[in-house]
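Breakdown of the fold
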Amino acid sequence: MPKIKRIYLDHAATTPVDPVVFAKIRPYFSEKFGNPMSVHSFGQEAMAAVDQARVQVAYFLRCQPKEIVFTSGATESNNLAIRGTLKAYQAKKENQGVIPHIITTQFEHHCVLNTCQELEKEGQIEVTYLSVYADGLVRLADVKRALKSNTILVSVMYVNNEIGTVQPIVEIGQLLREAHSVERIARNSKRSTFRDTRSKILFHTDATQAVNYFDCDVNKLDVDLLSLSGHKIYGPKGVGALFIRDKSAITHVQSGGDQEAGMRAGTHNVPGIVGMAEAIRQIKSSKSKVKNNEILKLRNYLIKKVLKEIPKSHLNGSLDQRSPNNANFRFDDVEGEGLILSLDMEGVAASTGSACSSGSLDPSHVLLALGLKHEQAHGSLRLTLGKSTTKQEIEYAVKILKKIVSRLRKISGDVLKEFK
Ligand code: PMP
């Protein structure tokens, strides 16, 4: 039997490490193995690499190197952003007895949602989960309406990991800035409806799925906190970063050593940090821009072809406000899990949604947030393209997909007939 070639269409779950990145990382596993916190030359060598990586990440985000904290990934960055902001708030004497309020969306990654839900259950915060509507987009008016006198943090993801929709981060940043000016004027004229002691509402965005394709200049975005991850951008797994705007009211949540200026205890993942910084550097290259254009063209071709050739197929979320590598479909009368397994047997790696919740049989919380019914949310498929994706692969994937959807529909039709 001829060996089935494997096609990887799950780049939102993870990406392969770029060979250039891999070459940069290698020495930090072997001859340059020092602990950056050691004072001897081995340590200094490693610290120099971490410092250089910090400068590279800061250059990409257009911030100061001291505003970058290296973490173990976006999950930790998001936890630090939320829990650290809360901890700093609770530490202030004047805030004793006040339950702070956090605004986020219904379709954040589980590391944001579960953190908020846990803190809410413990009675530490109150949370507003913004709707995202059928197009998968947050409305500015909803953010404005949700703001309260005790709001301390707004956390809205830049690009959704399942449906790829791009949120109006610049506009939300601007809205929050205006809200602060209004507050300041009101406070000065002593007509404040806000608590006078309240500090700035911090604005956090989870940019994990945005870094490859969108401008992450933190000043243009007007964010105070921004999370990213190495393994979504052709860098290594187990490394990430959190941008923390200078002087933001945020405290460490992990106790231990003095690494990362006390913001994140634990020995640095030097190869990971070096690799993530190199991956970020690659994004700015002109080659990468050309690639992203090709990815967009291929993705548009894929969407057009699927919607044309497969009956009763639909695209989930807005087409225009969407990451160039993402296509998320639903097929009437088809189970997503069956689809994924059948595709895998034919050599096509895809997913129903987030890899982090693929063990769960619950329908995607993202698709439910769009207002889809349970059975619709179960029949979805995420195909995410990457640098190596070719037109032939897309042609093959659509051909196989068409065959499988028709077969699965026939099976479910036959089963239904049996029960009649
Ligand atoms: N946020 C988003 C939007 C993601 O896509 C992911 C990865 N699925 C994460 C956070 C978690 O990232 P990490 O794997 O680096 O913890």
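Residues numbered from 1 in each chain as written. Predicted model: local features only at pLDDT ≥ 70, side-chain atom pairs only at ≥ 80, totals over all residues. Heavy atoms only, no water.

With respect to the sheet that holds strand β9 (residues 313–315)
- Spatially, β9-β10-β12 is the arrangement adopted by the 3 strands of the open sheet, whose pairing is antiparallel. The open sheet has two edge strands with one neighbour each: β9 and β12 (380–384). The sheet shows a mean angle of 30° between the axes of neighbouring strands, taken without regard to direction.
- Of the pairings in the sheet, the one linking strand β10 (residues 326–331) to β12 comprises 5 bridges and is antiparallel in character. Its bridge partner being in β12, Asn 326 is matched across the sheet by Thr 384. (Pairing = 2+ DSSP bridges. Helix = DSSP H or I, 4+ residues; strand = E, 2+ residues; numbered from the N terminus. Axes fitted to C-alpha atoms, helices over the stretch in contact; angles between N-to-C directions.)

A look at helix α8 (residues 270–283)
- Taking 1.5 Å of rise per residue, the 14 residues of α8 would be expected to cover 20 Å, and the 20 Å separating its terminal C-alpha atoms lies within 8% of that figure.
- Of all 14 residues that make up α8, 12 are buried, and the element is covered over most of its length.
- Every buried residue belonging to α8 is among Val 270, Pro 271, Gly 272, Ile 273, Val 274, Gly 275, Met 276, Ala 277, Glu 278, Ala 279, Ile 280 and Ile 283, and all of these are buried.
- Of the surrounding secondary structure, the elements contacted by the buried residues of α8 are α1 (19–25), α2 (41–61), β2 (68–71), β7 (225–229), β8 (240–244) and α9 (286–309). (Expected span 1.5 Å × (residues − 1). Buried < 20%, exposed > 50% of the residue type's maximum accessible area, 1.4 Å probe, protein only. Contact = heavy atoms within 4.5 Å.)

A few points about the domain arrangement of the protein
- Domain parsing of the protein yields domain 1 (7–16 + 286–419) and domain 2 (19–283).
- Relative placement of domain 1 and domain 2: their C-alpha centres are 30 Å apart.
- Between domain 1 and domain 2, the residue contacts involve 34 residues of the former and 32 residues of the latter.
- For the pair domain 1 and domain 2, the summed buried surface comes to about 2,600 Å²; carbon and sulfur atoms form 52% of the total.
- Taken as a group, Thr 15, His 365 and Leu 370 account for 20% of the area that domain 1 buries against domain 2, more than any other trio of residues on that side.
- At the surface where domain 1 touches domain 2, the tally comes to 0 salt bridges.
- Listing elements by their share of the side of domain 1 that touches domain 2, those giving two or more residues are α9, β10 and α11 (365–369).
- Here the side of domain 1 that touches domain 2 takes 4 residues from α11, the largest share from any one element. (Domains from an automatic or database assignment. Buried area = accessible area lost by both parts, 1.4 Å probe. Salt bridge = Lys/Arg side-chain N within 4 Å of Asp/Glu carboxyl O.)

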